[in-house]
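# A closer look at the structure
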Amino acid sequence: MACVCVYVCVYVRVWVKGHLGSPRGQSLKTLLTGNLEFEERMMGIYRAEVIGIVLAVAVLGPAIWLCTNQEKGQEYTQADSIQGTSVWCSGSNNVDRLCHFKNLCFSSVYDSFLFIHAEESILNGIPYQRFEPALVDLSSVADHNTQYFHYVDVAVENVIYMPHRHHIYKTGKYLLFNRFNPSNLMHIFHDDLLPIFFTILHHDLSNVTLVAFEGWVEGEYFDLYRLFSKEEPVLKMDLMETGDGLTCFQEVYVGLSKLSTWYQYGFSTPQGPLPNLNVTSFHIKHFRERVQKMLNISKTCPSESMHGVIVSREENRLLLNEDDLALTISHVFNIRVVFLSLESQSLSEIIKGVSCAKILVGVHGSLLVLSMFLPPTSILLEIFPYAINPDHYTPYKTLVSLPGMNIVYASWRNTDVEKTVYHEDLPAEYGGITHMSEADQKRILESTEVPPHLCCSDPEWLFRIYQDTMADVPAIIEILTKAMVQSSKQLDQEPKWSDDIAKHHIAPGFITDLKCLPSEKDETTSLLIKWSRPWNAAFIKLPQLQYEIWVQSPDDGKLDVFFTNETVLEITNAEDMPGYSVWVRAVAVQTKGPQSWTRC
């Protein structure tokens, strides 16, 4: 198609130039400039050529447009050139399922994705009931009813009758997903960027273009999404702007990996860490280093560059005496303290400042998700306004406490109502309560702790979280002093992940040299079973290593199970030793290795 476009464009250009540059072309120039006498004389001769030019523009115009718009996608010349759709899915339900489509199409007329069934279509991994509740989650926020992906079935032979006036074919690989809340940095990093990163790794998509389908405009943090997209990310509004068009993607991957998520926001139960976490410091470090490289931020910090950071807010949740707190931290711990805020610095500058910080202090808020960029043995101190219980809101505590992060977490909670400033007259979404009944306002004002609640608009939670706070500087210094002691103890510690191997799926290998030996003891026959440690125990730390031994009697088939920390087991009163079956395997922190077998 590209060769045909080039040929047509060149042909039209040469034809026009040749005719306008020739003697006859000069006459044509005169005709086109309005010489009436010459027009009357030559009209009969050139009428056919004038008509030819008009026809050429009308017929070849679309081809010329296509030549100049190849980078935006190839336009079909006939509806019957549309191919069938195919799909391959893995996973058991919409929460863990990821799908790979070829030639999936989006109809701006029906605001729907279309699966075009043809003879060549392949469907693999599609459940029979794909609407219960959905085929795939478009967000890493699991099973949220606003994040479901669906497609509609159509037959390829009927596409020609559908009300699409033009068809666009986008070549290359695309990742279709929903941004969950692109105005909040916690959501951006936790729900979108980390899952995008690991979905790209999962599918080996080094050259993928993002398609954000939730329908929002770019937003102020859209540059973060551009870091992971080969071409300019596509928004749903871009697809809708085709008017009555049909946009087909050569390859599109649907769904986001949930490997890296660690928190749920309280849609069905009060917010808290996700159960059975698989994410560790290695996932966070891998992502962090990729972002730092893209933003040209050094991964190493000279010792003299270590400093303290106070996250400053200028509109709400103010720390009213942050200057006093900064001066005291600087004096007590002999480090430079800087203020970082989204109002004064770019996000890249804030990440750079956090990446070499020894202490990060801030009021509970989305910017604290950048604690993932803190270096090992640093300290995160989270400040909570009056009546907010730190144990009920732990996204950042959970983050820095992931296995291997090696970051000390501490919190301070304001328990003195005299050191808080609330704003009951603000709009409801910023904590205002004047729209409520007097009884409800009185109840909230007299409450000393926000009770557990669901997301996302509990008025008491909003009222308290948007308060301004006067920090108790001596109390915070005491907390930081203890954290400093704990931090110094971690300097020489091994990574925590080696003590939690179950989360890393690390298992011992086969034991070796399994053999049975007869043994006489106190005039009784004993069975002595010996073996050697798994060979991989020498190359990776396998704490709490023990052995599970199965011994089956040759007489009655009875199976006995033994456990030992040694590499030898003696079974007394073993009659008729020939014929015993023995299985032995190593176990490390309840993670079992493969069994080795021998017959004695």
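Scoring rules and cut-offs
Residues numbered from 1 in each chain as written. Predicted model: local features only at pLDDT ≥ 70, side-chain atom pairs only at ≥ 80, totals over all residues. Heavy atoms only, no water. UniProt positions renumbered as here; feature names shortened; annotations may be inferred. Buried < 20%, exposed > 50% of the residue type's maximum accessible area, 1.4 Å probe, protein only. Helix = DSSP H or I, 4+ residues; strand = E, 2+ residues; numbered from the N terminus. Pairing = 2+ DSSP bridges. pLDDT = per-residue confidence, 0-100. Contact = heavy atoms within 4.5 Å. Disulfide = S-S within 2.5 Å.

The name given to the protein chain in an unreviewed UniProt entry is Protein O-linked-mannose beta-1,4-N-acetylglucosaminyltransferase 2, with the source organism recorded as Holothuria leucospilota. Under the UniProt heading Subcellular location (unreviewed entry), the entry covering the protein chain gives this text: "Endomembrane system".

Counting buried positions along strand β4 (residues 112-117) gives 5 out of 6 residues, so the element sits mostly inside the fold. In textbook terms, the turn of a hairpin is the stretch between consecutive antiparallel strands, and for strand β3 (residues 98-107) and β4 this stretch comprises 4 residues, one of which, Asp111, has a positive phi near 50°. Taken together, the 4 bridges between β4 and strand β8 (residues 152-155) define a ladder with parallel strand orientation. Counterpart to Ile116 in the pairing with β8 is Val154.

Attention shifts here to the confidence of the model for the protein chain. Averaged over every residue, the pLDDT of the protein chain is 86; residues scoring 70 or more account for 83%. With pLDDT under 50 throughout, residues 53-57 is counted as low confidence; its partners more than four residues away or in other chains account for 3 contacts.

A few words on the state of the cysteines. Counting across every chain of the model gives 5 disulfides. Here Cys89 pairs with Cys99 through a disulfide, and the sulfurs are 1.9 Å apart. Residues Cys89 and Cys99 share a disulfide whose torsion about the S-S bond is about 110°; that sign makes it right-handed. You can see Cys89 sitting in strand β2 (residues 86-90) and its partner Cys99 sitting in strand β3, a full 10 residues away along the chain. Across a sulfur-sulfur distance of 1.5 Å, Cys455 and Cys456 are joined as a disulfide pair. Residues Cys455 and Cys456 are joined through a disulfide that is right-handed, its torsion about the S-S bond being 95°. You can call Cys455 partly exposed: its relative accessible area is 30%. According to the relative accessible area criterion, Cys456 is partly exposed, its value standing at 47%. Regarding the disulfides, the protein chain carries the connectivity 1-2, 3-4, 5-6, 7-8, 9-10 under sequence-order numbering of its bonded cysteines.

Looking at the secondary structure, you find Gln595 in the loop between β28 (591-592) and β29 (596-599). For the pair Gln595 and Trp583, spaced 12 residues apart in sequence, the C-alpha to C-alpha distance is 6.0 Å. In this structure Gln595 touches Phe510, Glu548, Trp550, Trp583, Val584 and Arg585, once residues within four positions along its chain are discounted.

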